[in-house]
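The residues making up each chain are set out below.
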Amino acid sequence: MSQHNPSQGSQIHRHLPTQMNTTIGRDADMLQASSLLREEHTRLLTLTGPGGVGKTRLALEIAHQMRMFFAGEIFFVQLAPLRDHTFVLPTIARSIGMEETGRYSISDELQAYLHNKHMLLILDNFEHVMAANVAIADLLTAAPRLTILTTSREALHIYGEHEYEVLPLALPPANHQQKIGLDEPSDAMQLFVERAQAIKPGFTLKQDNIQTIAEICIQLDGLPLAIELAAARCKLLNPQELLERLHSRLRTLVGGARNLLPRQQTLRATLDWSYNLLNEEEKYFFRQLGILTGNWTLEAATAIAQPEAVFEEDTLNLLASLVDKSLVRVADDTGSETRFNLLETIREYALDCLKQNQELIKAQRRHALFFTALVERCEPHLYGNEQSLWLARLDLEAANIWLALRRVIDQLEVDIAQRLAGNLGRFLQLRGSLNEGHNWLEEVIAISASAQPNHFLARVYYSAGTMAHLHGNLALARSRLEECNRITTLTDDTRTRALAQGALALLDLHRGHYEQARQLAEDSLETLRDSSDIWCRGMLYSICGNIASQQSDFTAAQVRYAMSLRLLRQVGDIRSQADVLINVGDVMSQRSKLISAVFLYQKGLPLYQQLNDRWGQVVCLSSIGNALRLRGDYEGAQQALDACMELATALGTRRERANVLLGLGKLDISTGSLARASQRLKESLHITREINYPSGVVAVLSSLGDLARMNGRDDDARAYYEESLSMMAGMGNQVSKISIFYGLGCVALAKQDYEQAGIEIRKALHHAFLHGDMLGMAIALEGFAQVCQQVDLPERAVQFLGTASILREGVSAPIEKVHQASYAEQIVSYKKNIGEKAFSENWSVGRNMSLPQTLGMIANIHLHKKREAVAEKSHLDYPAGLTTREVDVLRLLAEGLTDVLIAQKLVLSPRTVNTHLRSIYAKLGVTSRTAASRFAFEHKLV
């Protein structure tokens, strides 16, 4: 490296234009490009990129960094004004101060002059003098110490050239859900703010404009020239007004600085420069590409922009040329097909050219036909073992598919619209594209008012019905599905008719009309009786399983699900298999088989994730959260439900949002966050009522009853429970009644109505036992234990708690966190009341009793409406450390009752009485009933 001379700094400024403001967001580019130039083998480095991306500014910044390396011998040569490539070498000669002698050719003289020079030449804007590339190659060959840095929209394509692509500035996140902090603006945003401040000093980045500025930068693709032109408009327009005008960037982004080259003063002029460098065939091809949005393939480009091309290679050559000229970008070359795109700014220009040449309508039709054919090709594969592959393909093409659908709807191309929308139904279901699907399907129906019934229209109605159901618009869903049913009878479309009947069954299930749902589901299977459609049959069996599950016929549900799973595995439909796994998990959860439920949910979740199926993930995460809550894993439940809420919000599905709010509310109750639980449950109730979701309303009312009861508002709790129970009449969902009966029993207990408390809790026990809900059984037993405690049957209470504990252990469901402290206090109280030994014996008895024995014992306990008032002393007042229960036994003993009669009187087992007597004798230091009786009389216990 040459030694630095103090004069080099001033010398280089005579050779280079001075930057008028700061360079933003190019530190990494400067470092990488400078490193390349320092390498011995790098003789020619070309900075490529679209017009306005900042190639010239970057080249000047690199020159400044390289000034010591080249000892100040750095020269900037502006080629933009040249009209012919033959002027390139004379312009270089003048720029470096070489005088022509005229004796030899300019090429020979330049080569001789530069032969021993250690110099960096910056050749700016080479794209329009590309024919001079051979002369540049000759210079590099003749001058071994010469290095050339070129800026061009196209590489020079000479041997030894290194190309460095200059990309647009870093953009803020495109996700509107993600908030941007004031301290973390992207490079593009920083440029916008700084340039806006230059013409409007009071302009600042604030919380109320940061999202708008971010969107402006995204709309402008991060192109520095476009951003600077937009920032200049801030003198007259605020950011929101500016954003609203960016639908027409080419007309809005004008008025650049007068000291810039004319082509840099407006965005259109910059793009005109690039467009005019193309030949006629390239211009036509470029214009047609403007009809495509997002990323696209060579196949799409051929069909739309080169429909007459005999060989795809002809299109490939044109595409390669536009890529070289920085008009088309390679968006992704990692998949099975390379994908390309246009920056949105360049795409708008191409579209504008398309309109000016009156080619728009034909291009739009070719676009619509190509993507309609593509969707038709993909649709059959969405039901089988290649589902994930074809889903991924449709995901990549989604932007163009939606654009095609929008155009054919607007242009009233009814036949194409029906074909396209009719084949999109499965994709919409798999992707949960509620907003797009719902709105566009309805628009296709609107323009099909006078169309003849056909297979595609029937499928549009079916998809519109299922989308409306997911939106919670049940009336519209029924209308669409019934119309689908009518059309299929005219078109003899067996599959769609069977699916429509199944969807109507789900609609009745949603409304709680279980018998109607069951009948419709059976009708759908009958419709399919002579069909060999394995997939459709598998789906219908799954619907039958859902209905049986909601009616608490779990055996029938599991049979139906098993049949469904076998058929769906046969065809390889991953998504539908995941749905069935979740449904079986729900059955396990309702039967308190929580470990199995979580296993099934966690088996289904990666299948949804594999397909990037957000809808399925929402349902699965909600179920995981609820199961983990019951198992006492509150942290895991919170994580699952939070993730679920994020997805549900992004999808815009109100029903699932209501379900997640219910899950979060229950979690808050379990952990004692009652105020937050109230907010979430009330919001969930509002949504479920608004979308007419009866089973959701029932579930929320039950939880609101629990919350009111825990807050001591017993009358409100009873009202919630009774309303929930009233709505459930005819629904057939017996499992949900367990918690309601238990809650009503607790309310009655709080009011000391022991008879009614016993009636309600016995109902809960009956339903729990009938449907195999062991957790519901444990909770109800704990409730009945409280009743026994209140009516002075502590031994029975301890036995029931013992039974409940073994049931909880069996299903891995501990006492809820909110109740753990009071539960521990109860245990301590029981031990003090009846003694440690009696407690242990009764606890053991309860843990070893069978459920029929337990239920038989409960049935034989007679409860009165009110407990008779009994004057009692605190156990601390009893002599010899006797417990309350021991005093009860001693009193009856002193009255002359035998052990058996004492057991009957106190509703105890003879064994428990004997345990109490042994403890009494030990504490009193006596060995006979007579001595114990004397003690009772002497201490006035009787």
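Shown above is the structure to which this text applies.
The structure contained in this document is the topic of the report that follows. Worth saying up front: this structure is predicted, and the values here are computed from it rather than measured.

On to a negative patch on the surface. On the surface, Glu-281, Glu-312, Glu-313 and Asp-314 cluster together into a negatively charged patch. The dominant element in the negative patch, judged by the number of residues it contributes, is helix α15 (residues 312-324), at three residues. Along the chain, Glu-313 falls in helix α15. Taking the relative accessible area as the measure of exposure, Glu-313 reaches 48% and is therefore partly exposed.

Looking now at the sheet that holds strand β7 (residues 329-332). Strand order in the open sheet formed by three strands is β6-β8-β7, and the pairing between neighbours is antiparallel. Looking at strand neighbours, the two that pair on one side only are β6 (296-297) and β7, the edges of this open sheet. Note: β7 against strand β8 (residues 339-341), three bridges, orientation antiparallel. Note that in β8 the partner of Asp-332 across the bridge is Arg-339.

Quick look at the environment of Tyr-693 now. Relative to the helices and strands, Tyr-693 resides in the loop between α32 (674-690) and α33 (694-710). In this structure Tyr-693 comes out as buried when scored by relative accessible area, which is 11%. The residues contacting Tyr-693, other than those within four sequence positions of it, are His-510, Arg-655, Asn-659 and Thr-688. For Tyr-693, the side chain forms a polar contact with the side chain of Asn-659, separated by 3.4 Å.

If you walk across this open sheet you meet the five strands as β2-β3-β4-β1-β5, and the pairing is parallel. Looking along the sheet, the strands with just one partner apiece sit at the ends: β2 (74-78) and β5 (161-165). Strand-to-strand twist across the sheet, computed as the mean angle between neighbouring axes with direction ignored, equals 20 degrees. Pairing between β2 and strand β3 (residues 119-124): five bridges, direction parallel. Within β3, the residue paired with Gln-78 across the bridge is Asp-124. On the sheet, helix α6 (residues 133-142) packs against β1 (44-48), β3 and β4 (146-152) and is oriented at approximately 160 degrees with respect to β4.

Here we take up the packing of helix α29 (residues 614-630) against helix α30 (residues 634-651). Contact pair α29 / α30: the axes reach a minimum separation of 8 Å and the direction vectors enclose 155 degrees. Relative to α30, the element α29 is oriented roughly antiparallel. Here α29 runs over α30; the crossing is left-handed. Residues Arg-614, Trp-615, Gln-617, Val-618, Leu-621, Ser-622, Ile-624, Gly-625, Leu-628 and Arg-629 of α29 lie in contact with α30, whose contacting residues are Tyr-634, Gly-636, Ala-637, Ala-640, Leu-641, Ala-643, Cys-644, Leu-647, Ala-648, Ala-650 and Leu-651. For the contact of α29 with α30, a count of residues per class yields 15 nonpolar, four polar and two charged.

The next subject is unusual backbone geometry. Positive phi is not limited to glycine here, since Gln-358 has a value of about 55 degrees. Along the chain, the position of Gln-358 falls in the loop between α16 (344-356) and α17 (360-378).

So, on to the state of the cysteines. In total, this model carries zero disulfides according to the counting rule given. Cys-484 provides the cysteine sulfur closest to Cys-536, a residue in no disulfide bond, and the two sulfurs are 11 Å apart. In this structure Cys-544 is not part of a disulfide, and its nearest cysteine sulfur, from Cys-536, lies 11 Å away.

Moving on: the packing of helix α42 (residues 884-894) against helix α44 (residues 910-924). The axes of two packed helices give the description: the angle between them and the distance between them. Look at α42 against α44: their axes get within 10 Å of each other, and the N-to-C directions meet at 90 degrees. As judged from the angle between their axes, α42 and α44 are roughly perpendicular. For the pair α42 and α44, the contacting residues are Arg-885, Glu-886, Val-889, Leu-890 and Leu-893 in the first and His-916, Leu-917, Ser-919, Ile-920, Tyr-921, Lys-923 and Leu-924 in the second. Residues of the contact of α42 with α44, tallied by class, amount to seven nonpolar, two polar and three charged.

As a further point, take the packing of aromatic side chains. In the structure shown here, the tally under the stated rule is twelve aromatic pairs. Taken together, a centroid distance of 4.9 Å and an interplanar angle of 85 degrees make the contact between Phe-370 and Phe-371 edge-to-face. Neither Phe-370 nor Phe-371 differs from the other in exposure class; each is buried. On the basis of an interplanar angle of 20 degrees and a centroid distance of 5.6 Å, the ring pair of Phe-839 and Trp-843 is categorised as stacked. Of the two residues, Phe-839 and Trp-843 are both situated in helix α40 (residues 836-848); the distance of four residues between them amounts to about one turn of the helix. Directly above the ring of Tyr-113 sits Lys-117, whose terminal nitrogen or CZ lies 4.8 Å from the centroid. Directly above the ring of Tyr-275 sits Lys-283, whose terminal nitrogen or CZ lies 5.3 Å from the centroid.

Within a regular strand, side chains alternate between the sheet's two faces. Taken across its seven residues, β4 has seven buried, putting it largely inside the fold. Neither face of β4 is open: one carries Leu-146, Ile-148, Thr-150 and Ser-152, the other Thr-147, Leu-149 and Thr-151, and all of them are buried. Of the pairings in the sheet, the one linking β1 to β4 comprises five bridges and is parallel in character. The partner of Leu-44 across the bridge, within β4, is Ile-148. Sheet analysis places β3 next to β4, joined by six bridges and oriented parallel. Note that in β4 the partner of Leu-120 across the bridge is Thr-147.

Residues spaced three or four apart along an α-helix point in a common direction, a consequence of the helix completing one turn every 3.6 residues. If you check α40, its first and last C-alpha atoms are 18 Å apart, about what 13 residues at 1.5 Å a residue would give, namely 18 Å. Buried within α40 are the following residues: Ala-838, Phe-839, Glu-841, Asn-842 and Gly-846. Here the buried residues of α40 occupy an arc of 165 degrees about the axis, which is enough to place them on one side. Exposed residues on α40 whose side chains face more than 90 degrees from its buried face are Glu-836, Lys-837 and Asn-848. Where α40 is buried, its residues meet α38 (794-811), α39 (817-834) and α44.

Criteria and thresholds
Residues numbered from 1 in each chain as written. Predicted model: local features only at pLDDT ≥ 70, side-chain atom pairs only at ≥ 80, totals over all residues. Heavy atoms only, no water. Patch = residues over 30% accessible without salt bridge, like charges linked within 9 Å, V, L, I, M, F, W, Y side chains within 5 Å. Areas by Shrake-Rupley, 256 points an atom, 1.4 Å probe, with all protein chains shown as cover. Salt bridge = Lys/Arg side-chain N within 4 Å of Asp/Glu carboxyl O. Lys, Arg positive; Asp, Glu negative; His and termini not counted. Charge placed at Lys NZ, Arg CZ, Asp CG, Glu CD. Helix = DSSP H or I, 4+ residues; strand = E, 2+ residues; numbered from the N terminus. Buried < 20%, exposed > 50% of the residue type's maximum accessible area, 1.4 Å probe, protein only. Pairing = 2+ DSSP bridges. Contact = heavy atoms within 4.5 Å. Polar contact = N/O pair within 3.5 Å; in protein donor to acceptor, adjacent residues only side chain to side chain. Axes fitted to C-alpha atoms, helices over the stretch in contact; angles between N-to-C directions. Parallel < 35°, antiparallel > 145°, perpendicular 65-115°, else oblique. Left-handed = near helix turned anticlockwise from the far one by under 90°. Nonpolar A, V, L, I, M, F, W, Y, C, P; charged D, E, K, R; others polar. Disulfide = S-S within 2.5 Å. Phe/Tyr/Trp six-rings, centres within 6.5 Å; stacked < 30°, edge-to-face > 60°. Lys NZ or Arg CZ within 6 Å of the ring centre and 35° of its normal. Expected span 1.5 Å × (residues − 1). Arc of directions from axis to C-beta.

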